[in-house]
Amino acid sequence: MTELVDLHGTAMAEFDRRVAAVALTDWALDTPCADWDVHDLVNHLTAEQLWVPNLLAGARVEEIGDRFDGDNLGEEPAAAWAVAARESRASWLAPSALDRTVHLSFGDVPGREYLWQMTFDLGVHAWDLARAIGADEELDATLVGELYTWAGKHERELSGSGLFADPVPVGEDADIQTRLLALTGRKT
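Throughout what follows, the structure given in this document is the object of discussion. Every value quoted in this text rests on a predicted model; they were computed, and no experiment measured them. (Residues numbered from 1 in each chain as written. Predicted model: local features only at pLDDT ≥ 70, side-chain atom pairs only at ≥ 80, totals over all residues. Heavy atoms only, no water.)

Section: the overall build of the protein
The criterion, for reference: Helix numbers and strand numbers start at the N terminus; a helix is a DSSP run of H or I with at least 4 residues, a strand a run of E with at least 2. Restricting the calculation to C-alpha atoms gives the radius of gyration, and the globule rule supplies 2.2 Å times the number of residues raised to the power 0.38. Each residue gets one of three labels from its accessible area relative to the maximum for its type: buried under 20%, exposed over 50%, partly exposed in between, using a 1.4 Å probe on protein chains only. In this analysis, two residues are considered to be in contact whenever any of their non-hydrogen atoms come within 4.5 Å of each other. Residue exposure ignores everything except the shown protein chains as possible cover, and the areas themselves are Shrake-Rupley values with a 1.4 Å probe. Here Asp and Glu are counted as negative and Lys and Arg as positive; His is not counted, and neither are the chain ends. Taken as the charge centre is NZ of Lys, CZ of Arg, CG of Asp or CD of Glu, depending on the residue.
Scanning the protein from terminus to terminus reveals eight helices and two strands. For the protein, the succession of helices and strands along the chain, N to C, is α-α-α-α-β-β-α-α-α-α. A compact globule built from 188 residues would reach a C-alpha radius of gyration of about 16 Å, and the protein, at 16 Å, matches this within 12%. For the C-alpha atoms alone, the extent of the protein along its principal axes is close to 45 × 40 × 25 Å. Scored against the burial criterion, the 188 residues of the protein give a buried share of 48%. Here the contacts in the protein between residues at least 6 apart in sequence split such that 68% fall between residues at least 24 apart. When the accessible surface of the protein is totalled, it reaches about 9,400 Å², and 50% of it is carbon and sulfur. Averaging the coordinates of the 14 positive side-chain charges in the protein and doing the same for the 34 negative ones gives two points 5 Å apart.

Re the packing of helix α6 (residues 141–153) against helix α8 (residues 176–183)
The condition that has to hold: Every axis in this analysis is a line fitted to C-alpha atoms, fitted for helices over the stretch in contact. Angles between the N-to-C directions lie between 0 and 180 degrees. Should an angle fall under 35 degrees it is called roughly parallel, over 145 degrees roughly antiparallel, and 65 to 115 degrees roughly perpendicular, with every other angle called oblique. Two helices that cross are described as forming a left-handed crossing if the nearer one is turned anticlockwise from the farther one by less than a right angle, and a right-handed crossing if clockwise. Gly is placed with the polar residues, together with every amino acid not listed as nonpolar (Ala, Val, Leu, Ile, Met, Phe, Trp, Tyr, Cys and Pro) or charged (Asp, Glu, Lys and Arg).
Taken N-terminus to C-terminus, the directions of α6 and α8 make an angle of 40 degrees; their axes are 9 Å apart at the nearest point. By the criterion of interaxial angle, the relationship of α6 to α8 is oblique. Between α6 and α8 lies a crossing of left-handed hand. Taking contact as the criterion, the partners of Val144, Gly145, Leu147, Tyr148 and Ala151 in α6 are, on α8, Ile176, Gln177, Arg179, Leu180 and Leu183. Per-class residue counts for the contact of α6 with α8 are seven nonpolar, two polar and one charged.

Describing the pairing of strand β1 (residues 101–104)
The condition is simple: We call two strands paired when DSSP finds no fewer than two bridges between them.
In terms of strand pairing, β1 meets strand β2 (residues 107–110) through four bridges, oriented antiparallel. Within β2, the residue paired with Thr101 across the bridge is Pro110. Taking the residues between adjacent antiparallel strands as the criterion, β1 and β2 are bridged by two residues.

Observations regarding the packing of aromatic side chains
To be explicit about the condition: Under the pairing criterion, centres of Phe, Tyr and Trp rings, with the six-membered ring standing for Trp, must be within 6.5 Å; the plane angle then separates stacked pairs below 30 degrees from edge-to-face pairs above 60, leaving the rest tilted.
Evaluated as defined, the whole model comprises five aromatic pairs. Centre to centre, the rings of Trp51 and Phe68 are 5.8 Å apart; their planes meet at 65 degrees, and the pair counts as edge-to-face. One end of the pair, Trp51, is in helix α2 (residues 38–56); the other, Phe68, is in the loop between α3 (61–64) and α4 (77–92), and 17 residues separate them in sequence. When its relative accessible area of 13% is taken as the criterion, Phe68 is described as buried. Ring geometry for Trp92 and Tyr114: centres 5.3 Å apart, planes at 50 degrees, overall tilted. Within this pair, whereas Trp92 is found in helix α4, its partner Tyr114 is found in helix α5 (residues 111–133), the two being separated by 22 residues in sequence. Classification of Trp92 as buried rests on a relative accessible area of 1%. When its relative accessible area of 5% is taken as the criterion, Tyr114 is described as buried. Pairwise contacts between aromatic rings join Trp116, Phe120 and Trp150 into one cluster.

A short note on the pattern of salt bridges
Our working rule: Any carboxyl oxygen of Asp or Glu that lies within 4 Å of a side-chain nitrogen of Lys or Arg is treated as forming a salt bridge with it.
Taken as a whole and judged by the stated rule, the model has six salt bridges. Ionic pairing is found between Asp136 and Arg17, a salt bridge with its closest N-O pair at 3.7 Å. You can see Asp136 sitting in the loop between α5 and α6 and its partner Arg17 sitting in helix α1 (residues 4–20), a full 119 residues away along the chain. Look at Asp136 and you get partly exposed, because its relative accessible area is 43%. Among the residues examined, Arg17 registers a relative accessible area of 40% and is labelled partly exposed.

Regarding the side chain of Ser88
Secondary-structure assignment places Ser88 in helix α4. Ignoring any residue separated from it by four or fewer positions in sequence, one finds Ser88 in contact with Met12, Gln49, Val52 and Pro53.

Take a look at the structure:
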């Protein structure tokens with residue numbers, strides 16, 4: 001298995017590449033995510049990255065409160081994303097980050113599990129962003145394979161979380177990326 005921290009870096013790069021491709025006129029385009037346009041999607045991922053340094057430092061959700069609610073992108077959305085992504089990535093690269101206990105809204109989890117969740121979200125949403133702006137939708141094959149394996153082990157939690165749409169059926173000849181996206185209700 002590829003190292004999880006490296007997979008996260010790959011997922012981050014996949015999303016970052018799509019953010020860099022967003023044109024000024026793209027921010028209001030619809031995405032495959034219900035009720036989200038491109039701005040909302042990038043804002044969601046930016047807010048997630050802003051949480052990471054705090055949570056890995058031991059903060060609880062209640063302590064952070066609504067600090068990252070609302071628009072985190074401001075006048076320079078791509079720059080806001082880049083800063084949040086850099087700080088998040090630096091926190092994940094810190095010694096013992098994967099061994100820490102992270103206090104999430106649904107309970108305490110090991111840092112490793114939180115990183116899997118973050119990596120999964122980045123990977124799937126990189127495809128969403130690509131689809132929305134008409135960019136290259138093909139994700140890194142190693143990343144897709146690892147995310148598909150992880151998602152298969154967590155399919156029940158994913159489908160019951162309310163974070164993703166119900167899985168959609170795909171043909172037996174569907175490639176692994178199509179299968180991964182179908183687990184989250186996405187139709188390719």
